[in-house]
Amino acid sequence: MRFKLTHKYLLFRLSIFFSFLKQTVKLKQKLRPSQKMEAFKVFRDATLVEALVKRIKKEAEDLPNRPVHVMDFCGSHTQVIVKEGIDQLLENYIKFIHGPGCPVCVLPQERVDLAIQLAKSGVILCTYGDVLRVPGSNRFSLLHAKAEGYDVRMLYLCLETIKIAQENPNKEVVFFAIGFETTTPHTASLILKAKELGIKNLSVVCNHVVTPAAVQHILNSPEVREYGKVRIDAFIGPGHVSTIIGTKPYEYFVEEFRKPVAISGFEPVDILSSILAIVRQLKTRNYKVENCYQRAVDKEGNKKAQELVAQVFELRKSFKWRGLGVIPYSALKIRKEYEDYDAEKKFQIKVSSSQEPKGCICGAVLRGLRAPTDCTLFGNVCTPENPMGSCMVSPEGACNAYFRYRYGVYAV
Ligand code: SF4
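Note that the structure is a prediction, hence the values are computed from the model and not measured.

A. Looking closely at the sheet that holds strand 9 (residues 289–291). Within the open sheet, the 5 strands sit side by side as 2-1-7-8-9. Their pairing is parallel. At either margin of the open sheet sits one strand with a lone partner, and together these are strand 2 (94–98) and strand 9. The mean angle between the axes of side-by-side strands here comes to 25 degrees, regardless of whether they run parallel or antiparallel. Where strand 8 (residues 261–263) meets strand 9, 3 bridges bridge the pair, whose relative direction is parallel. Bridge assignment links Ala-262 to a residue of strand 9, and that residue is Glu-290.

B. Representation of the site of the ligand. Within the structure, the ligand sits among 15 residues, and Cys-360, Cys-375, Cys-382, Gly-389 and Cys-399 are positioned closest to it. In the shell around the ligand, the residues fall into 14 nonpolar, 1 polar and no charged.

C. Structural detail: the sheet that holds strand 6 (residues 202–208). The strand order 4-3-5-6 describes an open sheet built from 4 strands, whose pairing is parallel. Each edge of the open sheet is held by one strand with a lone partner, namely strand 4 (152–155) and strand 6. Across this sheet, the average inter-strand angle for adjacent strands is 25 degrees, counted without regard to direction. As defined by bridge partners, strand 3 (residues 124–128) adjoins strand 5 (residues 173–179) across 3 bridges and the pair is classed as parallel. Paired with Ile-124 across the strands is Val-173, a residue of strand 5. Against the sheet, helix 6 (residues 109–120) touches strand 3, strand 4, strand 5 and strand 6, its axis set at about 145 degrees to strand 3. On top of the sheet, helix 8 (residues 160–167) reaches strand 3, strand 4, strand 5 and strand 6; it is set at about 170 degrees to strand 5, its chief contact.

D. A look at the nonpolar core. Core analysis: the biggest nonpolar cluster contains 117 residues, and Val-70, Ala-115, Leu-125, Val-174, Phe-176 and Val-204 have the highest contact counts within it. When residues in this core are grouped by element, the largest group, 8 residues, is from helix 14 (residues 268–284). In terms of domain composition, this core takes at least three residues from each of domain 1 (66–266 + 277–357) and domain 2 (362–407). The residues contacting Val-204, other than those within four sequence positions of it, are Phe-175, Ala-177, Thr-187, Leu-190, Ile-191, Ile-334, Tyr-341, Asp-342 and Ala-343.

Rules behind the numbers
Residues numbered from 1 in each chain as written. Predicted model: local features only at pLDDT ≥ 70, side-chain atom pairs only at ≥ 80, totals over all residues. Pairing = 2+ DSSP bridges. Helix = DSSP H or I, 4+ residues; strand = E, 2+ residues; numbered from the N terminus. Axes fitted to C-alpha atoms, helices over the stretch in contact; angles between N-to-C directions. Near = placed C-beta within 6 Å. Nonpolar A, V, L, I, M, F, W, Y, C, P; charged D, E, K, R; others polar. Contact = placed C-beta atoms within 7 Å. Core = buried A, V, L, I, M, F, W, Y, C linked by C-beta atoms within 7 Å. Buried ≥ 20, exposed ≤ 12 C-beta atoms within 10 Å, placed from the backbone. Domains from an automatic or database assignment.

What follows is the structure in structure tokens.
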């Protein structure tokens, strides 16, 4: 019996290995879009999902203090976990805590107010779609400013602002840049391109934030370190961010805080493979950074993108995050060499700090202290169409994901 089980298990592992190998080789070849979709199917394969769930449960059985508390640090991971019901499949074994990995959610009200004031000052204010709906003070958003007639434009690519600036030589064009390491290289390219073309009526408000500083801040926070209010046993590392920064920056967290980190892709099999890697590390107490997204991430990351960012940006001494407060060296600013493209210097607009909407617990949700469904406004007053806080705006926000995929279960 014992031999049979081991034999079966080996066959199971080999079949997983060969199907991954086959699909990864296929993905690296030049494929037509339809073939690529076919190749990706393995990462959503129901049999694999079922087998991985069983394996995780079996291996986690021996762990004391179950469920294991795993923080995901990427809005897209939050979305997949909730949408695919991975948290429900692993109930009592793994508890997911959704960290501040949604770029729109961590944007503080003051920065939204700054964008609104710029738009009202007469510039053409350009930004990515979700930012338009983030409430600033008194729940006034860029979308409201647009409705009042101010020139606010939604972009898919920040380089579109070059054309807008060229077509409107008598107006100032401001790109309100947000995001983690994934989108920062695009903004760097925009500034370099504008300089190369000698465009003078284009500038950028830089709100780009950096992931490792926020992870460190969370692990050092009193709630995690001293009070034990938030238990974090391990991290699922963000996939998109890691394509740029590589796996190396996470090594510090493993050494300093003795927590497993597994970098994950965005399909159910990716997430479950990362959870299995975490459970095995916890069992053996052999903590490391495990790259479970090897088809996109390597140790060093994207050197070209890193060079672009380093050329144009430098670290800010401090930056305020929504929910987390002021974190030292957690965001970027435009270097002096490119200050002509720095909208904060060009327009010198100051905004004062403002109160979060009454009843909104976005800050506690972003710190992993509370779940979206703990909020009394969830689903009744606050919905994706009528967001009270930033976590309900973007599909990457935890409140938004719970509303879209769990509303029937949790609505009050
Ligand atoms: S449900 Fe709405 S009001 Fe409540 S925490 Fe989430 S975003 Fe804020």
